[in-house]
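Residue-level structure breakdown
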Amino acid sequence: MKELKQQDFAAFRSSLESDRQSIESLRVMIIVSIILTAILFSLTYIVVFDYSTFPNKEIIREYHLWITAGITFFSLIFSFSSISRKYQRLQYLLTIIISQNLFGWIFFMAALLSIGRLPEVDESKVINLAVMLITSGIVVLLLTLLRLLILLHRGAFRIDSNKVESRSKWESLINSKKPIILVGSVGLALIIISVLNSIDINYIQEIFIFVISSLIFLAMQFVLPEQLVILYCKIKFKSFNYSKSGTLFPYNSSFKSRKKKKGLNP
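Summary of the structure given here. Just so we're clear, the structure is a prediction, and the values are computed from it rather than from any experiment.

This part takes up helix H3 (residues 57-77). Spanning 21 residues, H3 covers 30 Å between terminal C-alpha atoms, matching the ideal 30 Å at 1.5 Å per step. Along its buried surface, H3 packs onto helix H2 (23-47) and helix H5 (88-115).

By the element assignment, Thr 144 lies in helix H6 (residues 123-153). Looking at Thr 144, its side chain comes within polar contact range of the main-chain oxygen of Val 140, at 2.6 Å.

Looking now at the nonpolar core. The biggest cluster of nonpolar side chains holds 26 residues, and the ones touching the most others in it are Tyr 45, Phe 54, Phe 108, Met 109, Leu 112, Leu 113 and Leu 133. Of all elements in the fold, only H2, H5, H6 and helix H10 (204-236) reach the threshold of two or more residues within this core. A per-element tally of this core places H5 first, with nine residues. Of all hydrophobic cores here, the second largest spans 22 residues; its members include Phe 12, Leu 26, Val 229 and Tyr 242.

To continue, consider H2. Helix length check: H2, at 25 residues, gives a terminal C-alpha distance of 35 Å against a target of 36 Å (1.5 Å per residue), a fit within 8%. On its buried side, H2 packs onto H3, helix H4 (81-86) and H5.

Let's shift gears to the pattern of salt bridges. According to the stated counting rule, one finds one salt bridge in the structure shown. For Arg 27, the salt bridge identified is with Glu 24, shortest N-O distance 2.6 Å. Of this pair, Arg 27 and Glu 24 both sit in helix H2, three residues apart, which is roughly one turn of that helix.

Definitions and cut-offs
Residues numbered from 1 in each chain as written. Predicted model: local features only at pLDDT ≥ 70, side-chain atom pairs only at ≥ 80, totals over all residues. Heavy atoms only, no water. Helix = DSSP H or I, 4+ residues; strand = E, 2+ residues; numbered from the N terminus. Expected span 1.5 Å × (residues − 1). Contact = heavy atoms within 4.5 Å. Polar contact = N/O pair within 3.5 Å; in protein donor to acceptor, adjacent residues only side chain to side chain. Core = buried A, V, L, I, M, F, W, Y, C linked by side-chain atoms within 4.5 Å. Buried < 20%, exposed > 50% of the residue type's maximum accessible area, 1.4 Å probe, protein only. Salt bridge = Lys/Arg side-chain N within 4 Å of Asp/Glu carboxyl O.

This is the structure in C-alpha cells:
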C-alpha cells in the first residue's frame, strides 16, 4: 500500500464528493444507528434467544451487551456536530465499527440463535454451523481484500482509468468482485443444504431468519475492505477529508506537516 499514490484511489473519493459519506451524513447515520441497534439487539436476544441450543449464549449476550453499550456511548459523543467535525477520521472509524456490529455480529448471532431453536439442531450442530459461517465470512473478506489490492496496483481506480471514466465506482467494484460473490454464495448454499438435510421444513420462520441473517453477515464482510481502504485514504490523504466549513478539500491537497498530524485526527 505504501507505494500507491493518491491518484490510485481516485474512484473511492466519489462517495465523499457526492456527500453520501460527508461528516453530516455520517453524523445522522450514527444517530439513527443508536435507535436501530437497540431495536435489533433486543429482537435478537429476546425474540430468538429463548429455547435456542446455542452454547454459552448467556455469556455471549452479556459481553455483546457491554460492547454495544460502549459503541453507543461513543455514538452519542459523535452525534454532536462539533465533535464529528474535529475528529472526522475517528468518526469514520466509528461508523465502520457500528455497521459491522449492527449488520455483522448482531445478524450473525440472530442466524445461529434462530437455527438453534430447531429440535433437530443440538449444540454440536450449532457450533459446526458457526464455524462454517465464520469460515465463509473470512474467505469472502480475504478474497475481496486481495482482489481490491490487485486492482489498486493495476491502476483500476485511478482518475484516468477506463473504469472511472465509463461507469460509477459502485458498478466497478461490484463487477470486479463477481468471483467473491460466487464464493460467498456457494459457501452459504452449502450451509443451507446442510441445515435443510437435518431439520423439519415446518420451521420455516427460523430457516428464513437464518438465511437472511447469514446473507447480511456475509454482505458486511464483502464491504469491509472498501471501508478500510477509505479509512486508509482519510488518514493518508488530505483530499479525503473535509475542512472546518464542511467542504471537501481539493484533490491533490497535502498535509502541511505530516509529523504533527499523524494519527486518526486531522
